[in-house]
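# Residue-level structural notes
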Amino acid sequence: GQSLEQPSEVTAVEGAIVQINCTYQTSGFYGLSWYQQHDGGAPTFLSYNALDGLEETGRFSSFLSRSDSYGYLLLQELQMKDSASYFCAVRVTGGFKTIFGAGTRLFVKA
Amino acid sequence: DAGVIQSPRHEVTEMGQEVTLRCKPISGHNSLFWYRQTMMRGLELLIYFNNNVPIDDSGMPEDRFSAKMPNASFSTLKIQPSEPRDSAVYFCASSLARGGTYEQYFGPGTRLTVT
């Protein structure tokens, strides 16, 4: 079977740092992606990690540890517009088959 | 680029009717995905195509669902007959592996309501 575990909700204040964790158990692993989805909108790509380590893109960073089947998304200098759902997703084949987690709803408070 | 285009954006139909959802991927992309999103089941991959060929349809829930990609710029997802439990947002996404990122670009979705 395939499973991705991430917290259902996280709340943080504006300007703070928040980390959203993702652990996975999948039949195959080729990479971990993160997507953001605002209410009523479509998922939009944030990052992709195929190798262990930290990838930084502006205020967002993503980390992967393949040996621990674990990754996280780090959001810094939180803004109100960061309130959204965040999904981790595992590319499970050498092609494109991707399994999504259930999503973490982030609430940013003033 | 216009991004991934889906139509219709909203569809309300009665149980038993045929529903066809349409998708135009981003020009030049060679992979296309159909997803379904509900509160209960989250975002599920239904089927994906590579170079217009269906590669994995293991997520298609049952024979009532079918998908086609007759050319690189068009795909359809058909439900016949539709049932109330098919109510969901259906997303189409496209991708072109570049620089190893495997980023998927999602369309705006079709919100389907079956009464």
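Structure: see above.
Let me sum up the structure you'll find in this document. Numbering of residues starts from 1 in each chain and follows the order in which that chain's sequence is written. Both sets of labels track the order of writing: A upward for chains, 1 upward for ligands. Restriction of local features to residues with pLDDT of at least 70 applies here, the model being predicted, together with a cutoff of 80 or more for giving and counting side-chain atom pairs; totals for whole chains, interfaces and linings are based on all residues. Side-chain metrics in this entry use all non-hydrogen atoms of the structure; hydrogen atoms and water are not considered.

## Thoughts on the overall build of chain B
Rules: Helix numbering and strand numbering both begin at the N terminus, where a helix is a DSSP run of H or I of at least 4 residues and a strand a DSSP run of E of at least 2. Our radius of gyration looks at C-alpha atoms and nothing else; its globule reference is 2.2 Å times the residue count to the power 0.38. Method for areas: the Shrake-Rupley scheme with a 1.4 Å probe, in which residue coverage is limited to the protein chains shown. Charged residues are defined narrowly, with Lys and Arg counted positive, Asp and Glu counted negative, and His plus the chain ends left uncounted. Note on charges: their place is set at NZ of Lys, CZ of Arg, CG of Asp or CD of Glu.
When you go through chain B residue by residue, the secondary structure sums to 0 helices and 11 strands. Scanning chain B from its N terminus toward the C terminus, one meets helices and strands in the order β-β-β-β-β-β-β-β-β-β-β. For a compact globule of 115 residues, the expected C-alpha radius of gyration is about 13 Å, and chain B comes in at 14 Å, within 12% of that figure. Its C-alpha atoms give chain B principal-axis dimensions of roughly 45 × 30 × 25 Å. Carbon together with sulfur atoms contributes 49% to the accessible area of chain B, which is approximately 5,700 Å² in total. Side-chain charges of chain B comprise 11 positive and 12 negative groups, with the mean position of each set lying 4 Å from the other.

## As for the sheet that holds strand β6 (residues 53-57) of chain A
All names here are of chain A. Filter applied, for reference: Think of it this way: DSSP has to see at least two bridges between two strands before they count as a pair. Between N-to-C directions, angles span 0 to 180 degrees; the directions come from axes that are lines fitted to C-alpha atoms, helices contributing only their stretch in contact.
Taken in spatial order, the 5 strands of this open sheet run β1-β3-β8-β7-β6, and their pairing is antiparallel. Either end of the sheet is taken by a strand with one partner, and the two such strands are β1 (3-5) and β6. Between one strand axis and the next, the sheet turns through 15 degrees on average, direction left out of account. Bridging between β6 and strand β7 (residues 60-65) involves 5 bridges; their strand directions are antiparallel. Along β7, the bridge assignment pairs G53 with L64.

## Things to note about the interface of chain A and chain B
Definition in use: Here, two residues are considered to be in contact whenever any of their heavy atoms come within 4.5 Å of each other. Defined in terms of a 1.4 Å probe, buried area is the accessible area two parts forfeit on being brought together, summed over both. We define a salt bridge as a side-chain nitrogen of Lys or Arg found within 4 Å of a carboxyl oxygen belonging to Asp or Glu. What qualifies as a polar contact is a pair of N or O atoms within 3.5 Å, subject to a donor-acceptor requirement within protein and to the restriction that residues adjacent in sequence count only when both atoms come from side chains.
With 15 residues of chain A in contact, the opposing surface of chain B contributes 20 residues. Between chain A and chain B, roughly 1,600 Å² of surface is buried when both sides are summed, and carbon and sulfur atoms account for 62% of that area. Area buried by chain A at its contact with chain B is led by F96, K97 and F100 of chain A, which between them contribute 40% of it. Our count for the chain A to chain B interface comes out at 1 salt bridge. Here D56 of chain B and K97 of chain A are joined by a salt bridge, their closest N and O atoms 3.1 Å apart. Across the chain A-chain B interface, the total number found is 7 residue pairs in polar contact (both at pLDDT 80 or more).

## Concerning the pairing of strand β6 (residues 53-56) of chain B
Sheet analysis places strand β5 (residues 42-50) of chain B next to β6 of chain B, joined by 3 bridges and oriented antiparallel. In the sheet register, F49 of chain B faces β6 of chain B, and the bridge partner there is P54 of chain B.

## A short note on the pairing of strand β3 (residues 19-24) of chain B
Here strand β1 (residues 5-7) of chain B pairs with β3 of chain B via 3 bridges, running antiparallel. Bridge pairing links I5 of chain B to K24 of chain B in β3 of chain B.

## Brief notes about the packing of aromatic side chains
Our working definition: Only the six-membered ring of Trp is used, alongside the rings of Phe and Tyr, when aromatic pairs are assigned; centres must lie within 6.5 Å, and planes under 30 degrees apart are stacked while those over 60 apart are edge-to-face, with the rest tilted. Accessible area is worked out with a 1.4 Å probe on protein chains only. A residue is then buried under 20% of its type maximum, exposed over 50%, and partly exposed in between.
Applying the stated criterion to the full structure yields 17 aromatic pairs over all chains. Geometrically, the ring pair formed by F96 of chain A and Y102 of chain B is edge-to-face, given 5.3 Å between the ring centres and 65 degrees between the ring planes. Here F96 of chain A is found in the loop between β9 (84-91) and β10 (98-100), whereas its partner Y102 of chain B is found in the loop between β9 (88-95) and β10 (104-106) on a different chain. This pair shows no difference in class: F96 of chain A is buried, exactly as Y102 of chain B is. Here the aromatic rings of Y35 of chain B and F106 of chain B are separated by 5.3 Å at their centres, their planes lie at 35 degrees, and the arrangement is tilted. Taken together, the positions of Y35 of chain B in strand β4 (residues 31-38) and F106 of chain B in strand β10 put the pair 71 residues apart, joining distant regions of the chain. Among the aromatic side chains, those forming a connected cluster through ring pairs are Y35, F45, Y48, F87, F96 and F100 of chain A together with F33, Y35, Y48, F91, Y102 and F106 of chain B.

## Here we look at the state of the cysteines
All names here are of chain A. For clarity, the threshold we go by: Our working definition of a disulfide is a cysteine sulfur pair at a distance within 2.5 Å.
Counted under the stated rule, the structure contains 2 disulfides over all chains. Residue pairing for C22: its cysteine sulfur links by disulfide to C88, the two sulfurs lying 2.2 Å apart. Between C22 and C88 the disulfide shows an S-S torsion of about 70 degrees. By sign, it is right-handed. With C22 in strand β3 (residues 18-25) and C88 in strand β9, this pair connects stretches of sequence that are 66 residues apart. Since its relative accessible area comes to 0%, C22 is described here as buried. Judged by its relative accessible area of 0%, C88 falls in the buried class.

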